[in-house]
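Structure at a glance
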Amino acid sequence: MAVTPLSVPRHVAIIMDGNGRWAQGRGLTRTEGHRRGMEAVRAAVETSRELGVSYLTLFSFSSENWSRPPLEIQFLFGLLRLFIQRDLADLHRNKVRVTVIGDRVRLSADIRSLLEQAEKLTRDNTGLRLVIAFNYGARDEITRAVRRLGEEIANGTLSPDAIDENAIRARLDTADMPDPDLVIRTSGEMRLSNFLLWQAAYAELVFLPAYWPDFDRAAYVQALEEYSRRARRFGGIAARRSG
């Protein structure tokens, strides 16, 4: 059987799912699952850099995750603080640019400050663009974009006739980056869960059975191999090369 050459997408987005179930299956606490999941984040960033991925978007905290137990939410926020404090210097040294998408209004002042610090420090870096979706939900993102359009129409700076796909896209959190080519979800679940609904319209979707803490380089390459076998047509007839 012929081996399909590995095609590396420009933009990979990952729904990091299964930390709690990974821990439960090992008799560990959910917080330990999240801690191990941070190690998988570091590995995914390193593999993305190694393989030449230009954009890596990680769904780290959904706007629906506020319904989780308060102690778990507090722990997740602590992990974010720890990640920025421990890893930001290395990311900067490796030319990684950090961008955060999502609604920051509900976040505490210290978290907002850390996110702004990470973005400001790495703003001019030219390597991997690491996009952290934090307090993010696609419906909320689209709602905020539509609200901005409404405000511009109300104050007379925008005509309703000027609203098209490009106008909406320009007001999304991801306005200055390309749409994802590949969306990976771990844990065996097969849904997008309100993640990049607008941007993933033509993305290839790969669902892996492994829980997020077990997502290593081999699992990443497995997803890219599946992506490389896909024929991307974008609504047309002729297939376009993946990547």
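All values reported here derive from a predicted model rather than from experimental measurement.

**Points about the pairing of strand β6 (residues 204–207)**
- Going residue by residue along β6, you find Glu-204 and Val-206 tucked away on one face and Leu-205 and Phe-207 left uncovered on the opposite face.
- Strand direction decides the pairing type here: strand β5 (residues 182–185) and β6, joined by 4 bridges, are parallel. Along β6, the bridge assignment pairs Ile-184 with Val-206.

**Looking at the pattern of salt bridges**
- Taken as a whole, this structure holds 23 salt bridges when the rule is applied.
- One salt bridge connects Arg-30 with Glu-72, and the closest N-O pair in it is separated by 2.9 Å. Placement of Arg-30 in helix α2 (residues 30–51) and of Glu-72 in helix α3 (residues 70–93) is noted, with a sequence separation of 42 residues between them.
- A salt bridge links Arg-169 to Asp-179; the nearest nitrogen and oxygen atoms lie 3.2 Å apart. Of this pair, Arg-169 sits in helix α6 (residues 165–169) while Asp-179 sits in the loop between α6 and β5, and the two are 10 residues apart along the sequence.
- You can call Arg-169 partly exposed: its relative accessible area is 28%.
- A single salt-bridge network, built from bridges that share partners, covers Asp-17, Arg-21, Arg-185, Glu-189 and Arg-191.

**Some remarks on α3**
- In this model, α3 (24 residues) spans 35 Å end to end at C-alpha, consistent with the 34 Å of a helix rising 1.5 Å per residue.
- Of all the bends in α3, the largest measures some 50° and sits at Asp-87.
- Of the residues making up α3, those classed as buried are Glu-72, Ile-73, Leu-76, Phe-77, Leu-79, Leu-80, Phe-83, Ile-84, Asp-87, Leu-88 and Leu-91.
- Buried residues belonging to α3 abut α2, β2 (55–62), β3 (97–101), α4 (109–122) and β4 (129–136).
- Just past α3, the residue Lys-95 takes up positive phi, approximately 65°.

**Re the sheet that holds β4**
- Across the sheet, 6 strands lie side by side as β3-β4-β2-β1-β5-β6; this open sheet has parallel pairing. Looking at which strands have only one partner, the edges of the open sheet turn out to be β3 and β6. Sheet twist, expressed as the average angle between the axes of neighbouring strands with direction ignored, equals 20°.
- Along the sheet, helix α7 (residues 217–228) contacts β1 (11–15), β2, β5 and β6; its crossing angle with β5, the most-contacted strand, is approximately 135°.

What counts, and at which threshold
- Residues numbered from 1 in each chain as written.
- Predicted model: local features only at pLDDT ≥ 70, side-chain atom pairs only at ≥ 80, totals over all residues.
- Heavy atoms only, no water.
- Buried < 20%, exposed > 50% of the residue type's maximum accessible area, 1.4 Å probe, protein only.
- Helix = DSSP H or I, 4+ residues; strand = E, 2+ residues; numbered from the N terminus.
- Pairing = 2+ DSSP bridges.
- Salt bridge = Lys/Arg side-chain N within 4 Å of Asp/Glu carboxyl O.
- Expected span 1.5 Å × (residues − 1).
- Bend = angle between axes of the 7 residues up to and from the residue.
- Contact = heavy atoms within 4.5 Å.
- Axes fitted to C-alpha atoms, helices over the stretch in contact; angles between N-to-C directions.

Interpretation note: all reported values are geometric properties and have no functional meaning in isolation.
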